[in-house]
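# Architecture at a glance
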Amino acid sequence: ETGVTQSPTHLIKTRGQQVTLRCSSQSGHNTVSWYQQALGQGPQFIFQYYREEENGRGNFPPRFSGLQFPNYSSELNVNALELDDSALYLCASSSADGLADSYEQYFGPGTRLTVT
Amino acid sequence: KQEVTQIPAALSVPEGENLVLNCSFTDSAIYNLQWFRQDPGKGLTSLLLIQSSQREQTSGRLNASLDKSSGRSTLYIAASQPGDSATYLCAVVGSWEKLTFGTGTRLTIIP
């Protein structure tokens, strides 16, 4: 069974640029969530996708957007990068049915984004 | 708005000791609570998940308890080892499987 994978591992971008981060869900999982973790903080929920549709969103501006593909892999896109976007971006997958029932979430290793 | 607090922020103990990490949350309407481990610069490893109807879960040297009514959870680590050194995060699940995390406890086990 393959776990959650993310690419790239590290990324350096300039303020104002756009970035795309990628996530492959664990086999059999149909729900993916993205989190932003600033240094020394706990992860903050960005949004969740279930069966290719956004299923919930945290307190992040519209320049943070995402996609989920038929194979349940996912992308996080961030436009007009700001210095405060520098963080570890984590993807988590689960086999929930998209409702509020509780299923264990499995995290990938993260992508470290640095904005200069 | 759900808020999760973890105390202490950092903890150092000698190898072999038993220890308890604390987590508190403000809204008791949760579906489950998960404890994670995070090594520096790495992703999160799930340690234990406690369903809202459960009181505790055990895995090896780890035992987690949940008291929904008081908004508290504890993670007990028995016979600590240097390899247990990491940051421990608790997270509660509300709607849409959204995890709300605490800021973590950085644990150092002294050989």
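Notes on the structure in this doc start here.

Calculation rules
- Residues numbered from 1 in each chain as written.
- Chains lettered and ligands numbered in written order.
- Predicted model: local features only at pLDDT ≥ 70, side-chain atom pairs only at ≥ 80, totals over all residues.
- Heavy atoms only, no water.
- Phe/Tyr/Trp six-rings, centres within 6.5 Å; stacked < 30°, edge-to-face > 60°.
- Helix = DSSP H or I, 4+ residues; strand = E, 2+ residues; numbered from the N terminus.
- Buried < 20%, exposed > 50% of the residue type's maximum accessible area, 1.4 Å probe, protein only.
- Contact = heavy atoms within 4.5 Å.
- Buried area = accessible area lost by both parts, 1.4 Å probe.
- Polar contact = N/O pair within 3.5 Å; in protein donor to acceptor, adjacent residues only side chain to side chain.
- Nonpolar A, V, L, I, M, F, W, Y, C, P; charged D, E, K, R; others polar.
- Salt bridge = Lys/Arg side-chain N within 4 Å of Asp/Glu carboxyl O.
- Disulfide = S-S within 2.5 Å.

Where two aromatic rings form a pair, the distance of their centres and the angle of their planes describe that pair. Summed over all chains, the structure comprises 8 aromatic pairs over all chains. Between the aromatic rings of A:Tyr35 and A:Phe45, the centroid separation amounts to 5.6 Å while the plane-to-plane angle is 65°, which identifies the pairing as edge-to-face. Highlighted residues: A:Tyr35 in strand β4 (residues 31–37) and A:Phe45 in strand β5 (residues 44–50), separated in sequence by 10 residues. For A:Tyr35, a relative accessible area of 0% gives the class buried. Taking the centre distance of 6.1 Å and the plane angle of 75° together, the rings of A:Phe107 and B:Phe101 count as edge-to-face.

In this assembly, 26 residues from chain A lie in contact with 22 residues from chain B. Interface area for chain A against chain B, summed over the two sides, is near 1900 Å², with a carbon-plus-sulfur share of 51%. Taken together, the connections running from chain A to chain B amount to 4 residue pairs in polar contact (both at pLDDT 80 or more). Along the lines of polarity and charge, the residues of the side of chain A that touches chain B split into 11 nonpolar, 12 polar and 3 charged.

The next subject is the side chain of A:Asn30. If you trace the backbone, A:Asn30 turns up in the loop between β3 (19–24) and β4. The exposure class of A:Asn30 is buried, given its relative accessible area of 10%.

What follows covers the pattern of salt bridges. Taken as a whole and assessed by the stated rule, the structure comprises 6 salt bridges over all chains. Note that A:Arg22 is salt-bridged to A:Glu75, the shortest N-O span being 3.5 Å. Of this pair, A:Arg22 sits in strand β3 while A:Glu75 is found in strand β8 (residues 74–78), placing the two residues 53 residues apart along the sequence. For A:Arg22, a relative accessible area of 42% gives the class partly exposed. The partner of B:Asp39 in a salt bridge is B:Arg37, with the nearest N and O atoms 3.0 Å apart. Of the residues examined, B:Asp39 reaches a relative accessible area of 28% and is grouped as partly exposed. If you follow the salt bridges from partner to partner, you end up with A:Arg63, A:Glu82 and A:Asp85 in one network.

All names here are of chain A. Throughout the structure, instances matching the rule amount to 2 disulfides over all chains. Two residues, Cys23 and Cys91, share a disulfide whose sulfurs are 1.7 Å apart. Taking the sign of the S-S torsion, about -45° here, the bridge from Cys23 to Cys91 comes out left-handed. Remark: Cys91 occurs in strand β9 (residues 87–94) and Cys23 occurs in strand β3; sequence separation between them is 68 residues. Neither Cys23 nor Cys91 differs from the other in exposure class; each is buried.

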